[in-house]
Amino acid sequence: MKNFTIAIHGGAGTILKSSMTSEKEAAYKSALSKALNSGSQILSEGGTALVAVEDTVRLLEDSPLFNAGKGSVFTAKGTHEMDASIMEGKTLQAGAVAQIEGVKNPICLARMIMEKSGHVFLAGDGASDFARKMNCEFMDEEWFYDEFRYQQWQQIKDTDTFQLDHSTDKDHKFGTVGAVAMDINGNVAAATSTGGMTNKRFGRLGDSAMIGAGTYANNATCAVSCTGSGEFFIRGVVAYDVSCLMEYKGLSLEAACREVVHSRLLKINGDGGLIAVDAIGNIALPFNTEGMYRGWRKSNGEELIAIYK
């Protein structure tokens, strides 16, 4: 059997065992396991890394547990604005979408943008027009409604406050989602999807839809998907920074990820984490917060699903 590797995340932040019920912990691990199983199955059957990360993220988007797709948080207007991006390491092709509303699976739209639009990044109404042209599945508001998310919004509605997924409020959910993979041909890919921040205004965008900041893939180095305080990941161009350290300084995947997450990000007060895989199947899942929903699996059967430090 040729080797393959896949890793996923469901958000990083102040995730403490003391604030987690056994039922909730089991639900998160089950959702992560389901997504990991699907991506692994695709890779084991010879599917590409690109197909695997799209499918894995799609399943995480369909879970209300994570802040992406179905579980997306409420904006200041009471709507759901979603962002997603995907990138293939072999060709450096990429697709991204921002401020999309109503699309069931933004990650699938991001791939369509990559392959069928002639562009990399679409946003807002134009992205919606393209999604309809591509016959993307749209859902009504009820699909995206989650009582926990709604109450989360009510606490800060009509204020100037916005709520990050990784808030120090221990009762808040976390959840930008992502996947990275290396297929049996040594090609890598990365995908990331998010609902952004609760009560966000002014058309705010985070790093998840930005190639190089929240998502990056290059066969010469690695594939990366990030989660955390988006503004800092944008300023640090974090996903590409990991690749650069590998390409130009010769650092290993682990060393590059450690330098970026535990040194460079912290110097600008950025918190969060990332998942990464290189073209020979090494994995890194560093985070500088209390926890990160994460998991990985290799073709030799080794696997991990974890939440806390």
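Before any of the text, the structure's been laid out above.
In this numbering scheme, every chain counts its residues from 1 along its sequence in written order. The predicted nature of this model means local features are confined to residues of pLDDT at least 70 and side-chain atom pairs, given and counted, to a pLDDT of 80 or more, with totals for whole chains, interfaces and linings taken over all residues. Where side-chain values are given, they derive from all heavy atoms of the structure, hydrogens and water being excluded.

(A) Molecular detail of the environment of leucine 59. Under the DSSP-based scheme used, a helix requires at least four consecutive residues in state H or I and a strand at least two consecutive residues in state E, with every element numbered from the N terminus. Structurally, leucine 59 can be placed in helix 2 (residues 49–61). Partly exposed describes any residue whose relative accessible area lies between the buried limit of under 20% and the exposed limit of over 50%, with all areas from a 1.4 Å probe on protein chains only and scaled to the type maximum. Taking relative accessible area as the criterion, leucine 59 reaches 19% and is therefore assigned buried. Filtering out sequence-adjacent residues up to four positions away, leucine 59 remains in contact with Lys34, Ala35 and Ser38. We call two residues in contact when some of their heavy atoms are within 4.5 Å.

(B) Representation of unusual backbone geometry. A positive phi is found at asparagine 135, a non-glycine position, where the angle reads about 60°. Mapped onto the elements of the fold, asparagine 135 is located in the loop between helix 4 (124–133) and helix 5 (141–144). Classification of asparagine 135 by relative accessible area gives exposed; the value is 67%. Phi angles above zero are rare outside glycine, and asparagine 269 is one such case at about 65°. If you trace the backbone, asparagine 269 turns up in the loop between helix 9 (253–267) and strand 9 (272–278).

(C) Main features of the pairing of strand 12 (residues 303–308). What makes two strands pair is DSSP finding at least two bridges between them. Sheet topology places strand 11 (residues 291–298) next to strand 12; five bridges connect them, and they run antiparallel. The partner of glycine 291 across the bridge, within strand 12, is tyrosine 308. Hairpin geometry of strand 11 and strand 12 is characterised by an intervening segment of four residues between the two adjacent antiparallel strands and by a positive phi of about 100° at glycine 301.

(D) Broad picture of the nonpolar core. Joining through side-chain atoms within 4.5 Å is the link that ties buried Ala, Val, Leu, Ile, Met, Phe, Trp, Tyr and Cys residues into a set, and such a set is a nonpolar core. In terms of nonpolar packing, the biggest core is built from 49 residues, with Phe66, Ile86, Val97, Ile107, Leu109 and Tyr293 touching the most fellow members. Counting residues in hydrophobic clusters, the runner-up holds 35 residues, among them Met182, Cys222, Leu253 and Val260.

(E) Quick look at the packing of aromatic side chains. Stacked, edge-to-face and tilted are the three classes for Phe, Tyr and Trp ring pairs, Trp counted by its six-membered ring, which pair at centre distances within 6.5 Å; planes under 30 degrees apart are stacked, over 60 edge-to-face, the rest tilted. Throughout the structure, instances matching the rule amount to four aromatic pairs. Where tyrosine 28 meets tyrosine 293, the ring centres are 4.3 Å apart and the plane angle is 20°; that geometry is what we call stacked. Pair noted here: tyrosine 28 is in helix 1 (residues 22–44) and tyrosine 293 is in strand 11, with a separation of 265 residues, a long-range link. You'll find tyrosine 28 and tyrosine 293 in the same group, each marked buried.

(F) A look at the sheet that holds strand 8 (residues 222–228). Taken in spatial order, the four strands line up as 7-8-9-10 in an open sheet, and their pairing is antiparallel. Edge positions in the open sheet fall to strand 7 (215–217) and strand 10 (283–284), since each of these has one partner strand only. One ladder, built from three bridges, connects strand 7 with strand 8; its direction is antiparallel. Within the sheet, the bridge partner assigned to threonine 215 lies in strand 8 and is serine 225.

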